[in-house]
Amino acid sequence: MILRVGEPVGSLWGLTRLGTWGEHEAEEAARYNRLPGDIKYADLNNDGVINNDDNSIIGKTSPD
């Protein structure tokens, strides 16, 4: 969880999951050192590396 001004209390911080790498995406997955079937995360800063710089608010623990 993260506390940040302007965001709800109990916001969740982490990588944005996009699903899994498919067979047809094997070449692109290899650029991230992944294989088809591995979890696919968003590269939010478009630097070609999935790391802590790609973290963002991905939800909240409190219902609306």
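Look up: the structure comes first, before these words.
Read on for an overview of the structure. Note that the structure is a prediction, hence the values are computed from the model and not measured.

## Let's talk about the pattern of salt bridges
Taken as a whole and judged by the stated rule, the model has one salt bridge. As a salt-bridge pair, E25 and K40 come within 2.7 Å of each other at their nearest N and O atoms. Note that E25 is positioned in the loop between β2 (17-20) and α1 (26-31) and K40 in strand β3 (residues 39-41), a separation of 15 residues in sequence. Exposure remark for E25: the relative accessible area of 15% places this residue in the buried category.

## Details of unusual backbone geometry
Phi is positive for N33, which is not a glycine, with a value near 60°. Here N33 is to be found in the loop between α1 and β3. According to the relative accessible area criterion, N33 is exposed, its value standing at 67%.

## So, the environment of T20
Within the element layout of this structure, T20 appears in strand β2. What makes T20 partly exposed here is its relative accessible area of 44%. Sequence-wise, T20 and G37 are 17 residues apart; in three dimensions their C-alpha atoms are separated by 5.4 Å. Other than its neighbours up to four places away in sequence, T20 contacts E25, G37, D38, I39 and K40.

## With respect to the environment of T16
Within the secondary structure, T16 sits in the loop between β1 (11-14) and β2. Considering only alpha carbons, one finds T16 and I57, 41 residues apart in sequence, at a separation of 8.5 Å.

## Things to note about the packing of aromatic side chains
Evaluation of the coordinates by the stated rule reveals one aromatic pair. Taking the centre distance of 6.0 Å and the plane angle of 25° together, the rings of W21 and Y32 count as stacked. Taken together, the positions of W21 in the loop between β2 and α1 and Y32 in the loop between α1 and β3 put the pair 11 residues apart, joining distant regions of the chain. Judged by relative accessible area, which is 5%, W21 ranks as buried. Here the basic side chain of K40 rests over the ring of W21, its NZ or CZ set 4.7 Å away from the ring centre.

Scoring rules and cut-offs
Residues numbered from 1 in each chain as written. Predicted model: local features only at pLDDT ≥ 70, side-chain atom pairs only at ≥ 80, totals over all residues. Heavy atoms only, no water. Salt bridge = Lys/Arg side-chain N within 4 Å of Asp/Glu carboxyl O. Helix = DSSP H or I, 4+ residues; strand = E, 2+ residues; numbered from the N terminus. Buried < 20%, exposed > 50% of the residue type's maximum accessible area, 1.4 Å probe, protein only. Contact = heavy atoms within 4.5 Å. Phe/Tyr/Trp six-rings, centres within 6.5 Å; stacked < 30°, edge-to-face > 60°. Lys NZ or Arg CZ within 6 Å of the ring centre and 35° of its normal.

These results come straight from atomic positions and should not be treated as a statement about function.
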